[in-house]
Amino acid sequence: MSSNEEPNNQPQKNKRSPKSYFRQTWLMIWNGNPPGLVLFLFGAVTAFIMAVPIVYVVWRSLFAGVDRWMRLLDDRIPGLLWNTLSLTFMVTLFAVIIGVSLAWFVNRTDLPGRKTWQWLLALPLVIPPYVGAVAYIIVAGPTGWLRGMWNDTGWLQALFGDYPISIYSFWGVFFVLTMFTYPYVFLIASASLRKMNRNYEEVARSQGMTTRQIFWKINLPFLRPAIGAGAILIALYVLSDFGAIAMLRYNTFTAAIYYQMGSFDTLSATVLSVVLIALTLVILWIESKSRRRQKYYQTTNTYKAPDILSLGRWKWPTLVYVVLIFSMSVIVPIGVLIYWSYVGISFGAVDWDFWKYAWNSVRVSGLAALLCMVLALPIIYMKSRYPSVLTSVIDKLSYSGYALPGVIVALGIIFIFSQYFTFLYNTYYLIAIAFVVRFLPQAMQAGEASLSLISPRMDEAARSLGYPPWKVMIKIIIPSILPGVLAGGALVFVSSIKELPATLLLRPAGFDTLAVRIWVDTSEAIYYSAAPAALLIILLSIIPLKYLLKKY
């Protein structure tokens, strides 16, 4: 061996194989506690399915062409932006005012019948706004009851001139949406008011503050998170609503997207969809920023229930205000529907076709509820027991369809299934898939609430016996959280049975549901045929109301 050669007995640096490197990285992502492969793949595939329709719509819009983008930016989008944003702002503002005031009167004052009002004022939540729109078209429309009374009463015409109400206008849409969305704020604000600690108010009174000052300086700051949560729900609902807006002939992004699809201009529909998605994301970002700046905590350990304040001479005016809101949001629409349902039954509207539509609604909504219950379980289980960056991504992707209108979800599903999964295209299964994309988070929220009460030690004990994660979930977790899972399924079922735009766009020929028949019959002014379907939807929607009232 020459002197220039180095001995070959130096220790060689160990090179890790790609398999070993992947395994170590995988363990690091999950903090040394990864879920089973079956469980992870199930959750990842679900999240992918939830996100694909939205991503595909955005991708398709990139190929719409500069000319189409510029034409829409010049001609359509500015007007749609004004209509959509002004309506969203006004409905959110007034629904918040009504919801907070009602919550305050019912929970903090000696309003007559306050316990009964707690659930009566939540009833508008089970009336779809498009059903409310049908009722008010019948009452206040150009050929409605009020118009007939106005024409038959000469002195009203003499004093006020022509019939002043125009239901097919901004103010008509604003009124209907406000009346049927205020319960979002009412329920959440009521929960916050019941949990407020009286100690803070007592300290404020000792400093000489009046009841009005205490409300603005003590109560309102504690209510801001609840108001923000309710306001974001209302704003997102108004952005995504199609039924009430279309029935009242007002043009916003959702209606424009639907009509572009009806004229087979899918590329223009994708452009409008991307603008609406951007609006939704901006509102969510604003809400997130405001939430971080408005955090208030009750730090005292000695909780005292809040005082019930006396209304004094304002008791009866307040009761009139509460009764007026309840009448406009519950008594009028349900009364109208009961009357026209009676007429419809006498005319034979509740026939074999009616029950076929009802069965179609139950079938597709039941399938969506079942799928949501099954698909939600792996995601919430991984989020609770295997937190990581991947789990967070899967969770957020699963929520992507919830904040978007049914029109956009249906648009994405049409593009994908018409090109890549043609065997499912033009079947009612697409409607169920759209419902899953829209409402899976409802099942996830209900399941999460139940899973948070189950100790992780139960999982650990099962794992120590050799159970893989997917079997732990099936054998141990699901039986323990089954009531919450079923409650989430009920919420999905009711939300699905009311969903209109996705059903209209995705239904195969001859497949009508109750929501579709309400739309078709109302468009043709056949109210006696639409009313029984609307009333049946409301009756079915009352089922999960007890769950919501217990939650809030």
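Worth saying up front: this structure is predicted, and the values here are computed from it rather than measured.

Novice: Would you mind going over the overall build of the protein with me for this structure?
Specialist: Helix and strand content of the protein: 25 helices and zero strands. When each of the 552 residues of the protein is scored for burial, the buried share is 51%. Sequence-distant contacts in the protein: of pairs separated by 6 or more residues, those separated by 24 or more amount to 83%. Working note: accessible area of the protein is about 27,200 Å², and carbon and sulfur atoms make up 65% of it.

Novice: Can you help me understand the pattern of salt bridges in this one?
Specialist: A side chain of one charge can pair with a side chain of the opposite charge when the charged atoms of the two come close. The tally for this structure, following the rule as stated, stands at seven salt bridges. As a salt-bridge pair, D512 and R507 come within 2.6 Å of each other at their nearest N and O atoms. Through salt bridges with shared partners, one network takes in R507, D512, R517 and D521.

Novice: Can you walk me through the packing of aromatic side chains in this structure?
Specialist: How two aromatic rings sit relative to each other is set out by the distance from centre to centre and by the angle between their planes. Across all of its chains, the model carries 24 aromatic pairs by this definition. Measuring from centroid to centroid gives 5.5 Å for W117 and F326, while their planes differ by 75 degrees, and the two rings are edge-to-face. Taken together, the residues W117 in helix α5 (residues 114-120) and F326 in helix α15 (residues 315-346) connect sequence positions 209 residues apart. Each member of the pair, W117 as well as F326, is classed as buried. With 5.0 Å between their ring centres and 85 degrees between their planes, F354 and W355 make a pair best called edge-to-face.

Novice: Hey, could you run me through a nonpolar patch on the surface in this one?
Specialist: A surface patch of nonpolar side chains, amounting to about 370 Å² of accessible area, comprises F89, L93, F94 and I97. The class of F89 is exposed, set by a relative accessible area of 54%.

Novice: What should I look at first to understand the nonpolar core in this one?
Specialist: When a protein is soluble and globular, its nonpolar side chains tend to lie buried together. Among the nonpolar cores identified, the biggest contains 170 residues, and L87, W117, L121, F242 and I518 are the most heavily contacted of them. Counting residues per element, this core draws most heavily on helix α16 (residues 352-385), at 15 residues.

Novice: How should the environment of S529 be read in this particular structure?
Specialist: Mapped onto the elements, S529 comes out in helix α24 (residues 527-541). Judged by relative accessible area, S529 falls into the partly exposed class, the value being 21%. C-alpha of S529 to C-alpha of A349: the two residues are 180 residues apart in sequence and 5.4 Å apart in space. Beyond its immediate chain neighbours, meaning those up to four positions away, S529 contacts A349 and D521.

Novice: Any chance you could explain the packing of helix α13 (residues 253-262) against helix α18 (residues 406-419) here in plain terms?
Specialist: Packed helices, taken two at a time, are described by the angle their axes make and the gap between the axes. α18 packs onto α13 with a crossing angle of 30 degrees between their chain directions and a minimal axis gap of 10 Å. Classified by the interaxial angle, the pair formed by α13 and α18 is roughly parallel. The element α13 and its partner α18 pack so that their crossing is left-handed. Contacts between α13 and α18 involve T254, I257, Y258 and M261 from the former and V407, I408, L411 and I414 from the latter. The residue makeup of the contact of α13 with α18, split by class, is seven nonpolar, one polar and no charged.

Novice: Honestly, the packing of helix α2 (residues 37-61) against helix α17 (residues 389-398) in this entry has me stumped. Any pointers?
Specialist: Closest axis-to-axis distance for the α2/α17 pair is 8 Å, and the angle between their directions is 40 degrees. For the element pair α2 / α17, the angle class is oblique. Judged by the sense of rotation from one axis to the other, the crossing of α2 with α17 is left-handed. From α2, F40, G43, A44, A47, M50 and A51 reach across to α17, where they touch L390, I394, L397 and S398. Of the residues that constitute the contact of α2 with α17, the class distribution is eight nonpolar, two polar and no charged.

Novice: Could you clarify how one ought to interpret the environment of L506 in this entry?
Specialist: When you line up the elements, L506 lands in helix α22 (residues 501-506). For L506, a relative accessible area of 4% puts it in the buried group. When the C-alpha positions of L506 and I431 are compared, they lie 5.8 Å apart, and in sequence the two are 75 residues distant. Excluding its chain neighbours within four sequence positions, the residues that come into contact with L506 are A410, I413, I414, T427, L430, I431 and A434.

Novice: Mind showing me how you'd approach the side chain of T254 here?
Specialist: Mapped onto the elements of the fold, T254 is located in helix α13. Only 2.6 Å separates the side chain of T254 from the backbone oxygen of D241, close enough to count as a polar contact. Contact partners of T254, with chain neighbours within four places excluded, come to L239, S240, D241, F242, L276, P405 and V407.

Novice: For this particular structure, what's the right way to read unusual backbone geometry?
Specialist: Positive phi, normally seen in glycine, also occurs at N426, with a value near 65 degrees. With respect to the helices and strands, the residue N426 is situated in the loop between α18 and α19 (429-451). Non-glycine residue A525 carries a positive phi angle of around 60 degrees. When you line up the elements, A525 lands in the loop between α23 (514-523) and α24.

Novice: What should I look at first to understand helix α4 (residues 77-108) in this one?
Specialist: The periodicity of an α-helix, 3.6 residues per turn, causes residues three or four places apart in sequence to face the same way. Compared with an ideal rise of 1.5 Å per residue, which puts 32 residues at 46 Å, α4 spans 45 Å between its outermost C-alpha atoms and is within 8% of the ideal. When you tally the buried positions in α4, you get 23 out of 32 residues, the bulk of the element.

Novice: I keep staring at the confidence of the model for the protein and nothing clicks. Help me out?
Specialist: Low pLDDT marks regions whose predicted coordinates should not be analysed in detail. Averaged over the protein, the pLDDT score is 81; the fraction of residues at 70 or greater is 86%. Predicted confidence in the protein is weakest over helix α25 (residues 545-551), with a mean pLDDT of 62, and strongest over α15, with 92.

Novice: Before we go on, may I ask you to explain α18 in this structure?
Specialist: In this model α18 runs 20 Å from its N-terminal to its C-terminal C-alpha over 14 residues, within 8% of the 20 Å that 1.5 Å per residue would give. Among the 14 residues that make up α18, 12 are buried, leaving the element largely enclosed by the rest of the structure. Buried residues of α18: G406, V407, I408, V409, A410, L411, G412, I413, I414, F415, I416 and F417, and no others.

Novice: What should I look at first to understand the environment of V96 in this one?
Specialist: Locating V96 in the fold gives a position in helix α4. As for V96 and A231, which are separated by 135 residues in sequence, their C-alpha atoms are 6.5 Å apart. If we ignore the near neighbours within four places in the chain, the residues touching V96 are V185, I227 and A231.

Reading guide: rules and limits
- Residues numbered from 1 in each chain as written.
- Predicted model: local features only at pLDDT ≥ 70, side-chain atom pairs only at ≥ 80, totals over all residues.
- Heavy atoms only, no water.
- Helix = DSSP H or I, 4+ residues; strand = E, 2+ residues; numbered from the N terminus.
- Buried < 20%, exposed > 50% of the residue type's maximum accessible area, 1.4 Å probe, protein only.
- Contact = heavy atoms within 4.5 Å.
- Areas by Shrake-Rupley, 256 points an atom, 1.4 Å probe, with all protein chains shown as cover.
- Salt bridge = Lys/Arg side-chain N within 4 Å of Asp/Glu carboxyl O.
- Phe/Tyr/Trp six-rings, centres within 6.5 Å; stacked < 30°, edge-to-face > 60°.
- Patch = residues over 30% accessible without salt bridge, like charges linked within 9 Å, V, L, I, M, F, W, Y side chains within 5 Å.
- Core = buried A, V, L, I, M, F, W, Y, C linked by side-chain atoms within 4.5 Å.
- Axes fitted to C-alpha atoms, helices over the stretch in contact; angles between N-to-C directions.
- Parallel < 35°, antiparallel > 145°, perpendicular 65-115°, else oblique.
- Left-handed = near helix turned anticlockwise from the far one by under 90°.
- Nonpolar A, V, L, I, M, F, W, Y, C, P; charged D, E, K, R; others polar.
- Polar contact = N/O pair within 3.5 Å; in protein donor to acceptor, adjacent residues only side chain to side chain.
- Expected span 1.5 Å × (residues − 1).
- pLDDT = per-residue confidence, 0-100.

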